[in-house]
Each structure stands twice: as structure tokens, then as C-alpha cells.
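Each chain is listed here by its residues.
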There are 2 protein chains.
Amino acid sequence: MKRLDEAPRSEAHRENNNWERENHSDTSHNKSPLLADPWKPCRQSRGFVKEWLLKLRCFLGTVCRIEWYGYAALGILTAILSFLMDLSVTKLLRAHQWLYMKLEGNSLLQFFCWTLYPSCLCAVASSFSHHICPFSTGSGIPEVRTMVAGIEMPHYLSLTNMFTKFLGLICTLAAGSTLFLGKVGPFVHLSTMVGSYLSNLCTLIQANKEEKAAGEMLVVAAAVGVASCFGAPISGVLFSVEVMSSHFSLKNYFPCFFSVACGALTFRLFSVWSGDGETLQALFKTNFPTALPFFPLEILLFALLGLLCGAVSRCYLFCHRWILQFTKTNPVLLKILTTEKGLYSGMVVFLLASLTFPHSAGQYMASKYTMKQLLTSLLDSRQWLSQSHNASVQLESEPLLEWSSSGSPIYFSLAVFLLMKLWMLVLACTLPLPAGYFMPVFIYGAAIGRLLGEGVAYVSFTGVTSDQQWASINPGGYALAGAAAFSGAVTHTLSPALLALELTGQFSHAVPILLATLLANALTCSGHCPSFYDALSISKRLPHLPSLIKACPRLPSTPVGQVLRAKAVQLQKAAGPVEVQQAVNTSAEIQIPVVDSHDYGETSG
Amino acid sequence: MKRLDEAPRSEAHRENNNWERENHSDTSHNKSPLLADPWKPCRQSRGFVKEWLLKLRCFLGTVCRIEWYGYAALGILTAILSFLMDLSVTKLLRAHQWLYMKLEGNSLLQFFCWTLYPSCLCAVASSFSHHICPFSTGSGIPEVRTMVAGIEMPHYLSLTNMFTKFLGLICTLAAGSTLFLGKVGPFVHLSTMVGSYLSNLCTLIQANKEEKAAGEMLVVAAAVGVASCFGAPISGVLFSVEVMSSHFSLKNYFPCFFSVACGALTFRLFSVWSGDGETLQALFKTNFPTALPFFPLEILLFALLGLLCGAVSRCYLFCHRWILQFTKTNPVLLKILTTEKGLYSGMVVFLLASLTFPHSAGQYMASKYTMKQLLTSLLDSRQWLSQSHNASVQLESEPLLEWSSSGSPIYFSLAVFLLMKLWMLVLACTLPLPAGYFMPVFIYGAAIGRLLGEGVAYVSFTGVTSDQQWASINPGGYALAGAAAFSGAVTHTLSPALLALELTGQFSHAVPILLATLLANALTCSGHCPSFYDALSISKRLPHLPSLIKACPRLPSTPVGQVLRAKAVQLQKAAGPVEVQQAVNTSAEIQIPVVDSHDYGETSG
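Residues numbered from 1 in each chain as written. Chains lettered and ligands numbered in written order. Predicted model: local features only at pLDDT ≥ 70, side-chain atom pairs only at ≥ 80, totals over all residues. Heavy atoms only, no water.

- An unreviewed UniProt entry lists chain A under the name Chloride channel K, with Scomber scombrus as the source organism.
- A UniProt comment under Subcellular location (unreviewed entry) is attached to chain A, and it reads "Membrane". (UniProt positions renumbered as here; feature names shortened; annotations may be inferred.)

Encoded structure:
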């Protein structure tokens with residue numbers, strides 16, 4: 001016997017829904033009939049439990065509406081999922097590192113350990129998603145956008161998909177910085193699945209069956225996905241505002257914030273209780289000097305960084321669109337991607353892993369560190385240059401990560417990192433895996449910003465400017481601005497600016513970060529270039545009007561007449577009663593299209 | 001001769017618009033006719049300037065659309081206005097303080113200086129707004145909301161109003177903490193006036209006359225108003241999202257952020273150049289300990305604080321609605337407020353000032369400090385208790401403001417402050433002055449939070465809990481959460497939570513602040529209690545549907561039939577062609593109302 005306060009965790013439960021609903025509506029009107037099923041066991045105890053549950057529902061309903069419990073549960077459940085995923089991924093990454101260290105001295109075995117571990121994980125993730133639920137691959141954000149727009153795609157919200165996506169994502173993330181893929185996108189998708197289940201549950205519990213708020217729950221779930229992923233509440237809401245639909249209804253505003261606060265709180269509390277941190281801190285806490293965060297003239301450098309990030313993101317988006325097109329048209333690749341997904345993933349990851357092997361090219365791109373370590377090192381406020389000049393400083397505080405193990409200058413390492421990761425990232429986007437593409441782009445942007453910041457620090461160090469103030473420049477600030485600007489430009493959003501602030505808990509750089517993100521966006525958005533998500537929507541032929549408009553800018557000026565030509569009877573917007581009567585007389589249809597004018601050449605909204 | 005790139009700063013200009021527009025559209029099609037006005041002087045130079053301007057317009061148009069220059073100009077102009085206002089107010093406040101200090105020793109003269117200075121300023125502000133533009137009184141946010149909803153109120157956007165509001169607001173703010181009124185509301189109104197002018201200018205410059213985006217500009221201007229007031233970009237956008245309309249169009253999202261970034265940047269750069277600060281810092285920079293911001297168990301205390309703020313805000317909103325009603329119904333007050341606005345303002349401020357005189361009751365409520373000093377002292381992370389216990393600590397860092405000059409405990413001072421300011425604030429809301437009501441509410445909330453924080457610190461100090469961690473509790477964090485929660489509850493918004501973070505540049509308390517604000521809002525919003533702005537909208541009979549719905553919750557279920565009863569012919573939503581034909585035959589009207597059903601008792605959206 002299923003209890004009402006259980007989450008609908010099984011497919012079988014959904015089939016029972018109809019029965020339960022009928023049963024339930026009976027009980028809500030009249031409590032005695034539930035004791036009148038003589039063929040079921042334990043009548044007394046079932047009756048007792050049901051009456052108790054009804055009382056609980058009444059009590060819960062008096063405090064606030066049932067949806068609010070759903071929003072709270074959504075936040076808490078998503079945060080728990082996020083925490084469990086982080087925990088598993090950390091364990092798997094540590095196992096890989098441990099094995100690699102144990103094989104120290106034998107390069108061949110180290111090579112196999114380095115390459116085969118992520119290859120196998122990714123091959124497993126691909127085969128798993130291929131055989132169990134093919135809808136679980138990719139980021140999921142384009143699909144969620146389409147669902148928020150009102151199109152029903154039940155396969156994307158099924159429990160099988162949730163299970164596959166969760167396990168597949170753990171495998172993908174455990175491949176680490178070799179594969180260089182992230183968590184956000186699939187997590188937003190996972191969160192919408194949880195949200196859709198909770199929405200069904202709320203409808204089931206609610207006494208008033210008329211109200212249904214599945215669309216609301218999806219918008220809230222998108223915000224919670226981002227917030228639980230990083231423990232960043234406000235940028236989650238902003239992400240939901242800007243990515244999900246073209247109009248944000250204020251009705252969803254309070255639910256979003258409520259759910260997001262529950263999610264962020266749970267996520268942070270779990271990280272405290274697990275012993276990661278003693279207090280509730282930001283995820284990538286930085287130690288920027290707050291007394292002198294930056295000088296007014298540096299604003300110009302931040303603007304330049306924004307434009308640079310915009311230019312690089314255009315290049316990246318072009319490559320991404322090209323490879324999406326290529327995988328759709330190349331017959332060999334098309335065949336492999338249709339039938340041998342696991343093999344393809346394994347091969348590609350093997351190629352990427354052998355290139356990032358720390359004894360080969362990997363030594364120039366800091367490949368032995370995890371993505372978290374890479375981001376932390378890029379956001380460090382200390383100048384790498386001064387650190388390498390006087391090693392004595394290094395001793396008193398925790399040491400910086402070594403970006404160049406072979407003694408080559410850090411600029412070379414950063415440049416190699418940027419060049420190699422660009423095409424690697426584009427290649428990784430073709431993998432049929434559950435994977436997010438936001439975090440890699442964020443780190444890539446941080447590397448761009450760091451390169452500029454270290455360059456400025458070098459110029460001021462060699463004494464081109466005699467001014468003392470430039471000596472205390474903070475390259476970490478540039479890395480943060482670069483991360484926000486590049487990821488904002490790639491996704492055509494501004495919420496990464498706030499996310500960068502929330503991730504680091506550093507508000508001193510708010511204005512330059514916002515400026516860089518705006519300029520990068522302005523450069524990328526000019527000329528109707530579709531964003532990363534739009535390109536995916538178009539490639540997957542998802543029905544999503546805004547992305548279609550971005551891809552075909554002349555779509556809104558296509559005359560409706562071209563579509564309506566088949567129907568003879570149309571009504572002009574300015575038609576009077578006589579014309580309406582005439583149209584009604586002429587047509588046998590129930591609905592008559594209303595157009596701006598009868599002229600076919602004219603535009604109609 | 002008016003130049004095209006001038007801002008339309010005079011009323012006369014508006015009358016010239018039609019002429020210029022005609023002239024302009026001539027020139028854009030054909031450049032020679034502008035030289036063919038033989039009766040005007042300086043034909044050659046005028047023609048040269050005009051052609052040069054046309055070229056400039058073409059060049060500007062190629063970079064981006066003309067509106068974007070408008071958005072940038074809006075941000076920059078509003079920030080300059082804000083900076084100028086701050087500068088004047090600081091000078092006026094300093095003059096008052098100087099005069100008061102000079103009269104040290106003579107209590108009677110000090111009393112007159114203390115009371116007459118703000119009384120005269122407020123009387124001047126009231127008379128000024130009464131005689132020049134009566135639309136300039138109050139906060140302006142309810143009016144701006146109504147305009148954003150699509151209702152045209154040209155008087156509220158006139159240049160006279162802008163001038164009156166600007167000068168009146170300077171007088172109000174110069175009255176200082178005696179009057180205890182703020183800047184945000186009128187500044188949002190000022191910003192929309194600037195925005196409306198710039199919008200007209202953009203329409204004038206634009207080659208394509210069809211597009212008009214006055215509504216967009218108003219939404220952007222509301223965001224800029226908040227952002228330029230505090231140099232807080234992101235909370236400005238969030239304020240615009242939640243206060244202005246029931247749906248936020250994503251079309252306004254990028255313009256909002258762009259304009260807000262320009263505004264915040266200009267505001268902060270001005271404060272650097274004026275010598276206030278060496279770098280670009282937050283307005284009320286705090287020095288919270290970032291290593292251990294707070295302990296998980298303190299979350300419960302923050303939740304309690306949120307509920308407390310919610311309860312107090314309900315009380316405050318009740319008093320506010322009562323006094324609004326009272327001023328509308330009491331015949332004596334009504335007569336005074338209609339004819340003798342200056343006298344009324346002067347008398348009320350004299351009463352408030354004599355109560356806050358530092359030698360009388362003012363000594364128990366720290367009345368000799370400005371609002372900025374009060375907020376800074378409330379947000380201080382050091383415990384006032386420990387400071388008063390060991391005075392030696394006080395020497396090494398900057399001293400705390402003395403809240404209790406007569407040796408009474410700080411709890412007593414805070415409690416007196418809270419009790420007195422509640423009714424003073426309600427009374428100040430009746431003054432016919434340009435004034436904002438957000439900042440006082442923010443400071444009041446900070447005082448509530450501080451009282452709780454100091455209470456907790458006292459309990460941990462006296463050793464009720466033996467745990468060491470509670471000794472290092474930070475009352476400033478409670479003050480910040482209280483400020484956000486109380487101001488959020490009074491205005492029924494969540495953006496104060498982000499504003500609190502941006503004002504202090506402190507992200508470590510993001511989650512508890514959000515939690516407290518949500519709980520306070522939940523308590524206040526329950527039971528369809530109208531917000532501060534809603535109460536003003538209803539009291540001023542402004543056409544604003546959402547606030548009307550909050551005041552009369554049964555409005556949406558009123559049958560449309562009650563309104564349409566006069567008209568005989570109605571169409572049902574589900575009507576087929578036959579019914580449409582019948583309706584068209586019967587009715588002579590051009591428009592036929594469509595209802596859900598013919599039944600009058602049924603609801604219709």
C-alpha cells in the first residue's frame with residue numbers, strides 16, 4: 001500500500017495515480033467508504049493511516065498552499081542529489097589519482113592508467129545512456145527551455161532518464177580535467193525531473209484538483225538546478241529569468257527564491273556536516289585584497305578583456321556550430337554515432353587523455369589537476385610571476401599550483417592551455433554523454449583573464465610604468481572577469497557575472513565583471529549569432545521560437561499569407577460587423593484566421 | 001537654433017518637436033532642402049552643422065541602435081544627478097552640524113538651531129512643491145508603476161516636476177536623521193523623467209520613426225534609479241523586475257543591465273574623483289570576518305529574525321494605512337494639507353526635531369548622527385557589549401559611535417530608538433514632501449537585527465552556553481539580515497536582500513539574509529495585506545490592477561456580467577459560426593464583448 005506522503009519514485013506508481021485519485025476524492029468527501037473495501041487486508045490500520053494523512057494534509061494546507069512544500073522539497077532534494085554526486089565524483093577522482101601515484105616510475109603503466117580510466121568511464125556512460133535512455137545525453141538545457149515554452153516532452157522527464165542521467169553524469173565528471181566537462185546543464189535537467197515529479201505529487205495531494213502548475217515548477221526547477229550545483233541562490237534565479245523564456249512571470253518569482261534558498265542552504269549545510277568546511281562559505285573562496293580592489297584606470301583593461309572574450313567566444317561558437325553540422329552530415333561519423341556510441345566515446349576520450357598525459361604535452365597545460373583545482377589556482381589573487389621570482393614568500397602561505405612543471409614560463413603554459421583546450425572542448429561537445437558545457441567554458445574564460453592579468457602584471461613589473469600602484473595589480477580579478485565574460489558570451493546571458501560573484505563570495509569586482517560581461521555579450525550577440533544553447537536547439541530540431549528567430553533573422557517578417565494561403569477566408573484586424581458577417585457566411589470553418597491586412601506581402605505578427 | 005545632440009532640457013523644445021520632426025524627416029530623405037530656407041540666418045553654417053550631425057547619426061547607427069546611446073546616457077546622467085545630490089546634502093548637513101557645535105554651551109540656541117534648521121528646510125520643500133508642481137510630493141514609485149503599466153501621466157514626467165523634485169529632495173535629505181527620510185523612491189521617479197526625455201530624444205534622432213520604446217525606457221530607468229542611488233547594479237535590475245510589472249519582458253533585460261552598469265560605474269568613479277575614496281568600494285563597506293562568517297545553528301536565529309521583522313512590518317504597514325486613511329477623512333488635517341502644506345510640514349518637523357534634540361530624549365536614540373553614520377554603526381561587526389566592557393580594544397581601531405551617551409545600556413537605547421522611530425516614521429509619511437521611505441525602513445530593520453544580535457551576544461557572554469563558538473558571534477550580520485528582511489517585508493520585495501549584499505560588499509551572509517527576507521515576506525504577504533507601495537497607490541487612487549487586487553482579494557472573481565449588463569449582445573468563448581453570425585446580425589456595435597459563459601454568476605477573467 002502506497003502512502004500519500006511518499007515521493008512518486010516508481011513508474012508503477014504513476015499507473016496507480018488514477019485509482020488513487022478516485023479513491024482520494026472519495027475520502028475527502030466522505031471518510032467512511034474507505035473502510036468499506038472488504039477484500040483488502042488490514043482495514044483498520046489502513047483507515048487509521050489514511051485519516052491521519054488527511055488530517056496532516058488539512059494542517060499543512062492551513063499553514064500555506066501545498067505547492068510551497070513542493071518547492072521546499074524540490075530545493076532540498078536537488079541539493080541532496082548534488083551533494084551525493086559531488087561526493088561520488090570526488091571519491092572516483094581520488095581513486096584515479098591514487099592509482100596514478102602508485103604507478104610512479106613506470107611510465108607505460110602510468111600512461112595506461114591515465115588514459116584507460118577516463119576512456120572506460122566515458123564508454124560506460126555512453127553505452128549506458130544509449131541502451132537505457134537515449135534522451136539522457138547532452139546538456140539538457142535546450143530541452144528544458146522547450147518544455148518551459150509549453151511543449152510536452154514526457155520522455156525527457158521520465159524516471160529512467162533521471163536515473164541514467166545521474167549515473168552517466170557521475171562517470172563523465174569522474175573523467176576529470178582530461179575530458180573537461182561540467183555539471184550545470186545536466187543538473188538543471190535533473191532538477192526539472194525532480195520538479196515534475198513533485199508537481200505531480202502536489203496535484204495528487206491537493207484537494208482542489210483544478211489548479212495545475214507544471215510550467216511554474218519547471219521554471220523554479222531550472223533556478224534550483226543552478227543554485228544547488230554551486231550553492232549560489234541569486235544567480236540561479238537570474239539564470240531562470242534569462243534562459244528559460246522570453247517573459248518572466250512575477251508569479252514564479254517568490255517560489256523561485258524560496259526553493260533556491262532551501263536548495264542553497266541544504267547544499268551548504270551538507271558540505272559543513274560532511275566535514276569539508278567548518279562554516280558556510282563560498283565554493284571557490286578567494287582572498288582578494290578588499291582595501292584596494294582595483295584602480296579606476298583598470299576599468300579600461302576590464303573592458304578590453306570583455307571584448308577579447310567576446311572575440312574568442314565568437315570563434316568558439318563558430319567551431320561548435322561547424323562540428324554540430326559536421327556530425328550531422330559526415331556519413332562515417334553519423335554511422336558510428338548512431339550505432340557505436342560507447343566505442344566512439346572511448347576512442348575520443350583516449351585521444352584526449354593521451355594528449356593530456358602529464359609526461360607528454362600535458363605538462364604544459366597543468367593537466368594533472370582537477371577542474372576545481374585549476375579554477376582555484378586561476379582565481380588566486382597572488383601574482384604567479386612574483387611567486388616564481390621569490391620563492392621565500394611561497395613558504396609562509398599555501399603554495400600555488402605549478403602550471404609549468406618543466407620550467408617554461410607561465411605565459412607559455414597558459415597559451416598552450418588555451419589553444420589546446422579550445423579544440424578539445426569542441427571535440428568533447430560531440431560525445432554522446434550526459435555532460436554540462438558551462439563549467440569548462442567558465443574555466444577557459446578564467447584562463448583568458450589570467451593571461452591578460454599576468455601580462456599586465458609583467459608589464460608593470462618590468463618597469464614600463466613607474467607608478468607604484470600597478471605593482472599591486474591582482475590577476476585573480478582579471479581571471480574572474482574573464483570567466484564571467486567568456487561564459488556569458490558563449491551562452492548569451494548575464495547571470496554568469498552574478499554567478500562569478502557568488503562562487504567566490506567577492507563583491508569588490510562587481511562593476512568591472514558586469515562591464516566585461518556586457519561588452520563580451522554585445523560583441524557576440526551582434527549579427528544574430530545563435531548562442532550555444534540556440535545552436536544545440538537548432539541542431540536537435542527542438543521547437544523553440546527564440547532560437548529559430550536568432551538563426552533565421554528574417555523569420556518575423558515572413559508574411560502569414562504564405563502559411564495561410566490554403567484557407568480562402570480571412571478576417572482583417574480592422575474588420576467591421578459587415579465583413580465579419582460575410583466571413584462567417586462564406587466559411588464553414590469553426591475558426592477564422594485574423595490577419596493584419598489581406599495583402600499577402602505585408603508582415604503579420 | 002537647437003542642436004540635435006542636445007538633451008531636450010526645456011519645455012519649449014517639446015513644442016518644437018513637431019516642427020523639427022518634419023524638418024528632420026525632410027533632411028533624412030533629401031539633404032538639399034535644408035539650405036533652401038532663405039529667411040533664416042547663417043544658412044551655410046547651419047547646413048554644415050546639420051550635415052555633420054546626420055553623418056554622426058549614420059556613424060552611431062552603424063555601431064549599434066540609437067536607443068543604446070540613450071540607455072548609456074540615462075545611466076550616466078542619473079548617476080551625475082545622484083552624485084550632485086549627495087554632495088549638496090553632505091554640505092548642508094555639515095553646515096548644520098558646524099552651527100550646532102559652535103553654539104555649544106547655550107542650550108536654548110542649540111535647541112533653536114536643532115529644530116528650526118530642518119523645519120525651515122522642510123517648509124521650503126513643501127511650499128516649493130505645492131506652488132510649482134504638486135505632483136512632485138511623495139515617493140513617486142506608485143506613479144512610476146502606474147506609468148509602466150501603460151497609463152499616460154504626462155504631468156509626472158514634466159521638466160518642472162523634475163526640477164521641483166530634485167530641489168525638494170535635497171531639502172528633505174538635508175533635514176537629516178531628524179526627519180529620517182530617504183532618497184530611493186524620488187530618485188527612481190527622477191530617473192524615469194530623465195529616461196522619458198531621452199526616449200523622446202532617441203525617437204527624434206532615429207531615422208525609423210515607427211519604433212517607440214517609451215515603456216521600455218521607463219522599466220530601464222527604474223532599475224537605473226536604484227542602481228545610481230547606491231552604486232548597486234544588480235539589485236537595481238531585480239527591483240525593476242519585481243516592483244514594476246507583473247511580467248518582465250526579456251527584451252528589457254540587456255538594456256537594464258547595460259544602463260545600470262553605466263550608472264553604477266559613473267557613480268563610483270565620481271566618488272573616487274571627488275576624493276571620498278581611493279578605490280571603487282562598496283558604499284557601506286563592512287569588515288565581517290570571512291573565515292568564520294556564521295555557524296550552521298545561527299540559521300535558526302536568522303529565521304527567527306525574519307519572522308520578527310515580518311511581525312513588526314505588519315504593525316508598521318497597519319499604522320501607515322491607518323494614517324493614510326486618517327489624513328483623507330479628518331476634516332482639520334484635510335484642510336491644512338490642502339492649503340497650508342508649508343506650515344504643516346514645518347510644524348510636524350519641529351515636533352519631531354524637539355523630540356530628537358540631543359539634550360532631551362534624543363540622547364537615548366543616537367539622534368546626533370546622520371543616517372549614514374547610524375547605518376554604518378549598526379552594521380559594525382564588533383560587539384558593542386565587548387567594546388563597552390574593555391575600552392582598551394577601542395583604542396587600536398576606529399571607535400564605535402556612542403549609542404548611549406548617558407551611560408544607559410545599549411539595549412535601552414536600541415529599544416527607545418525602535419519605539420520612537422516607528423510612530424515618527426509613520427507621521428513623516430504624511431508630509432507633503434518629495435521623500436523616499438525605503439532607507440529609513442532599511443535602517444529600522446538594521447536596528448531590529450542589531451538588537452537581536454546584541455541580545456544573543458549578551459546571552460553567550462554571560463555564559464548561558466559554555467560553547468566557545470558563540471562568543472565570536474557577529475551582531476553586524478544580524479543587523480544586515482534584519483535590514484533586508486524588514487525593508488523587504490514592508491515593500492513585499494526580495495531585492496533588498498541583494499541590495500544589502502551589494503551595499504556592504506559582503507557575500508558571506510547571502511543565504512541567511514535571503515532566508516530572513518523570505519520568511520519576513522511570507523508573514524507579511526499572508527492574508528492579502530497590501531504593501532507600502534500598494535497602500536499609497538490605493539490612497540492616491542492610481543489605476544494599478546495588482547495593488548487593487550491585493551486590497552480587494554475578491555476582485556478577480558467578480559462576474560463580468562455585472563459590468564456588461566447594459567449591453568445585450570455578448571459572445572460566448574466557445575461560440576460557433578452560427579452564434580457569431582447571430583450576434584453580428586443582432587448588434588449594431590463595432591465591438592462585441594466575449595465572455596466565458598452567458599451565466600452572470602460565473603467568473604470571467
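## A word on the overall build of chain A
- Per the secondary structure count, chain A includes 26 helices and three strands.
- Of all intrachain contacts in chain A linking residues separated by at least 6 positions in sequence, the fraction that spans at least 24 positions is 78%. (Helix = DSSP H or I, 4+ residues; strand = E, 2+ residues; numbered from the N terminus. Contact = heavy atoms within 4.5 Å.)

## Some words on the packing of aromatic side chains
- In total, this model carries 48 aromatic pairs over all chains according to the counting rule given.
- Ring centres 6.2 Å apart and planes at 55° place the aromatic pair B:Phe128 and B:Phe163 in the tilted group. Of this pair, B:Phe128 sits in helix H4 (residues 107-132) while B:Phe163 sits in helix H6 (residues 159-174), placing them 35 residues apart in sequence.
- Accessibility expressed as a relative area gives 23% for B:Phe128, which makes it partly exposed.
- Consider the rings of B:Trp322 and B:Phe326, whose centres lie 5.1 Å apart with planes at 15°: the pair is stacked. Separated by four residues within a single helix, B:Trp322 and B:Phe326 lie in helix H12 (residues 298-329), roughly one turn from each other.
- The rings of A:Tyr316, A:Tyr437, A:Tyr444, A:Phe486, A:Phe532 and A:Tyr533 are connected pair by pair, giving a single aromatic cluster.
- The positively charged end of A:Lys421 is found above the aromatic ring belonging to A:Phe180, 4.5 Å away from the centroid.
- When the ring centre of B:Phe187 is taken as origin, the NZ or CZ atom of B:Lys183, which lies over that ring, is 5.2 Å away. (Phe/Tyr/Trp six-rings, centres within 6.5 Å; stacked < 30°, edge-to-face > 60°. Buried < 20%, exposed > 50% of the residue type's maximum accessible area, 1.4 Å probe, protein only. Lys NZ or Arg CZ within 6 Å of the ring centre and 35° of its normal.)

## Structural notes on the interface of chain A and chain B
- The interface is formed by 56 residues belonging to chain A together with 56 residues belonging to chain B.
- Summed over both sides, the interface between chain A and chain B buries roughly 5100 Å², with carbon and sulfur atoms accounting for 77% of that surface.
- For the chain A face of the interface with chain B, the top three residues by lost area are A:Phe254, A:Phe507 and A:Val511, together amounting to 13%.
- Connecting chain A to chain B are zero salt bridges.
- At the level of elements, helix H10 (233-244), strand E1 (247-249), helix H11 (253-273), helix H21 (495-504), helix H22 (510-525) and helix H26 (577-586) of chain A are the ones that each hand at least two residues to the side of chain A that touches chain B.
- Ranked by residue count, the leading element in the side of chain A that touches chain B is H11(A), at 10 residues.
- Residue composition of the side of chain A that touches chain B, by class: 35 nonpolar, 15 polar and six charged. (Buried area = accessible area lost by both parts, 1.4 Å probe. Salt bridge = Lys/Arg side-chain N within 4 Å of Asp/Glu carboxyl O. Nonpolar A, V, L, I, M, F, W, Y, C, P; charged D, E, K, R; others polar.)

## A short note on the side chain of B:Thr115
Residues and elements named next belong to chain B.
- Along the polypeptide, Thr 115 turns up in helix H4.
- Residue Thr 115 is classed as buried on the basis of its relative accessible area of 0%.
- Leaving out residues up to four positions away in the same chain, Thr 115 has contacts with Phe 350, Ala 353 and Ser 354.

## Quick word on the packing of helix H19 (residues 438-461) of chain B against helix H20 (residues 475-491) of chain B
Residues and elements named next belong to chain B.
- Packing of H19 against H20 leaves a shortest axis separation of 6 Å and a crossing angle of 140°. By the angle between their axes, H19 is oblique relative to H20. For the element pair H19 and H20, the recorded crossing hand is right-handed. Seen from H19, the contacting residues are Phe 438, Val 441, Phe 442, Tyr 444, Gly 445, Ala 446, Ile 448, Gly 449, Arg 450, Leu 452, Gly 453 and Glu 454; seen from H20, they are Pro 475, Gly 476, Tyr 478, Ala 479, Gly 482, Ala 483, Ala 484, Phe 486, Ser 487, Val 490 and Thr 491.
- Per-class residue counts for the contact of H19 with H20 are 14 nonpolar, seven polar and two charged. (Axes fitted to C-alpha atoms, helices over the stretch in contact; angles between N-to-C directions. Parallel < 35°, antiparallel > 145°, perpendicular 65-115°, else oblique. Left-handed = near helix turned anticlockwise from the far one by under 90°.)

## Here we look at the relation of the copies chain A and chain B
- Of the transformation placing chain A onto chain B, the axial shift is 0.1 Å and the rotation is 180°, giving an RMSD of 0.1 Å. One copy is carried onto the other by what is essentially a two-fold rotation axis. It is A:Phe248 whose C-alpha, among those of chain A, lies nearest the rotation axis, at 2.5 Å.
- In this assembly, 100% of the residues forming the interface of chain A have copies in chain B that are likewise at the interface, indicating an isologous arrangement. (Least-squares fit on C-alpha atoms with pLDDT ≥ 70 in both.)

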